[in-house]
Amino acid sequence: MGACVEYEEQASLHAAGALEGEEATRFQSHLESCAACQAEVASAREVLGLVTLPPPTAIEVRAQEGLGGRTLAAWRREQTRRWMGRRALGSLAAVAAVVTLMLGPSALERLKSSRAGTGTTGAAVPLAVGTGDDVDAETMAAFEAWAGLDPLDSDALASISDGDDDWMDGDDDFDDLGEAL
């Protein structure tokens, strides 16, 4: 025979010690007069007694005493580590920005000057060529064919290879040299 239908849930809660206030008082007054509910509470206490944990040992008590402090300290260490990582990443980004600002203009100038030395096909054109002893005609022709260039004018090659470095000044005297290349 089970507990009264309206008090079934309260019987289990009362056995576990989870009823409080007015509800506990009302169930306690009913329990004094109902044998079925008393039997249900006794049965629930027996079952709950089987699943209760044994009292903690001295080692477990010591471990539990410092648990809160150790957990908080570990959490703080983790937060500090994360903060330091973010700070290092921010510093690295700042250094990268400064390096970009410092080296950016010169890199752009080098890029512009390297584009000035490209032909119409986009392939790089050599700005200085040796005297012809360095590279044989067959190799030069193969390179020009590979690069998609028109064959170099021998007069333009002579003006480059005479050792005169004025072509590097950016003077307009050598505009026709770019066309020849």
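Our subject is the structure listed above.
The structure reproduced in this document is the subject of the present report.

Reading the values: rules and limits
- Residues numbered from 1 in each chain as written.
- Predicted model: local features only at pLDDT ≥ 70, side-chain atom pairs only at ≥ 80, totals over all residues.
- Heavy atoms only, no water.
- Phe/Tyr/Trp six-rings, centres within 6.5 Å; stacked < 30°, edge-to-face > 60°.
- Helix = DSSP H or I, 4+ residues; strand = E, 2+ residues; numbered from the N terminus.
- Patch = residues over 30% accessible without salt bridge, like charges linked within 9 Å, V, L, I, M, F, W, Y side chains within 5 Å.
- Areas by Shrake-Rupley, 256 points an atom, 1.4 Å probe, with all protein chains shown as cover.
- Salt bridge = Lys/Arg side-chain N within 4 Å of Asp/Glu carboxyl O.
- Core = buried A, V, L, I, M, F, W, Y, C linked by side-chain atoms within 4.5 Å.
- Buried < 20%, exposed > 50% of the residue type's maximum accessible area, 1.4 Å probe, protein only.
- Contact = heavy atoms within 4.5 Å.
- Axes fitted to C-alpha atoms, helices over the stretch in contact; angles between N-to-C directions.
- Parallel < 35°, antiparallel > 145°, perpendicular 65-115°, else oblique.
- Left-handed = near helix turned anticlockwise from the far one by under 90°.
- Nonpolar A, V, L, I, M, F, W, Y, C, P; charged D, E, K, R; others polar.
- Arc of directions from axis to C-beta.
- Polar contact = N/O pair within 3.5 Å; in protein donor to acceptor, adjacent residues only side chain to side chain.

1. Looking at the packing of aromatic side chains
The tally for this structure, following the rule as stated, stands at 1 aromatic pair. Aromatic side chains Y7 and F27 sit 5.8 Å apart centroid to centroid with 50° between the ring planes, which places their arrangement in the tilted category. One end of the pair, Y7, is in the segment before α1 (8-16); the other, F27, is in helix α2 (residues 21-33), with 20 residues separating them in the sequence.

2. Here we look at a nonpolar patch on the surface
A grouping of V95, V98, V99, M102 and L103 is seen on the molecular surface, where their side chains present a nonpolar patch of about 480 Å² in accessible area. With respect to the helices and strands, the residue L103 is situated in helix α5 (residues 67-116).

3. Examining the nonpolar core
With 13 residues, the main nonpolar core has A11, F27, L31, C37 and V41 as its most contacted residues. Elements with a minimum of two residues in this core: α1, α2 and α3 (35-51). In terms of residues, this core owes the most to one element, α3, which gives 4 residues. Apart from the residues within four sequence positions on either side, C37 is in contact with A3, C4, Y7, H30 and L31.

4. Side note on the environment of A15
By the element assignment, A15 lies in helix α1. Under the relative-accessibility criterion, A15 is labelled buried at 14%. Taking C-alpha positions, A15 is 5.2 Å from R45, a pair spaced 30 residues apart along the chain. Beyond its immediate stretch of four places on either side in the chain, A15 contacts V41, A44, R45 and L48.

5. Thoughts on the packing of α1 against α3
For the pair α1 and α3, interaxial distance at closest approach is 8 Å and the crossing angle is 50°. As far as their axial angle goes, α3 and α1 are oblique. In terms of crossing hand, the pair formed by α1 and α3 is right-handed. Between α1 and α3, the contacting residues are A11, S12, H14, A15 and A16 on the first element and E40, V41, A44, R45 and L48 on the second. Each residue belonging to the contact of α1 with α3 can be placed in one class, and the counts come to 6 nonpolar, 2 polar and 2 charged.

6. Topic: α2
Within α2 the residues assigned to the buried category are A24, F27, H30 and L31. Here the buried residues of α2 occupy an arc of 130° about the axis, which is enough to place them on one side. When the buried face of α2 is taken as reference, the exposed residues oriented beyond 90 degrees from it are E22, T25, E32 and S33. Next to the buried residues of α2 lie α1 and α3.

7. With respect to the side chain of H14
Here H14 shows up in helix α1. Only 3.5 Å separates the side chain of H14 from the side chain of Q28, close enough to count as a polar contact. Ignoring anything within four residues of it in the chain, the contact list for H14 reads L19, F27, Q28, L31, V41 and R45.

8. What about the pattern of salt bridges?
Following the criterion strictly, the structure yields 2 salt bridges and no others. Of the charged contacts in the structure, one is a salt bridge between R81 and E78, with a shortest N-O distance of 2.5 Å. Here the residue R81 and the residue E78 both occupy positions in helix α5, the gap between them amounting to 3 residues, near one helical turn. Relative accessible area serves as the criterion here: at 52%, R81 is assigned to the exposed category. Classification of E78 as partly exposed rests on a relative accessible area of 27%. Connected through salt bridges with shared partners, the residues E78, R81 and R82 form a single ionic network.

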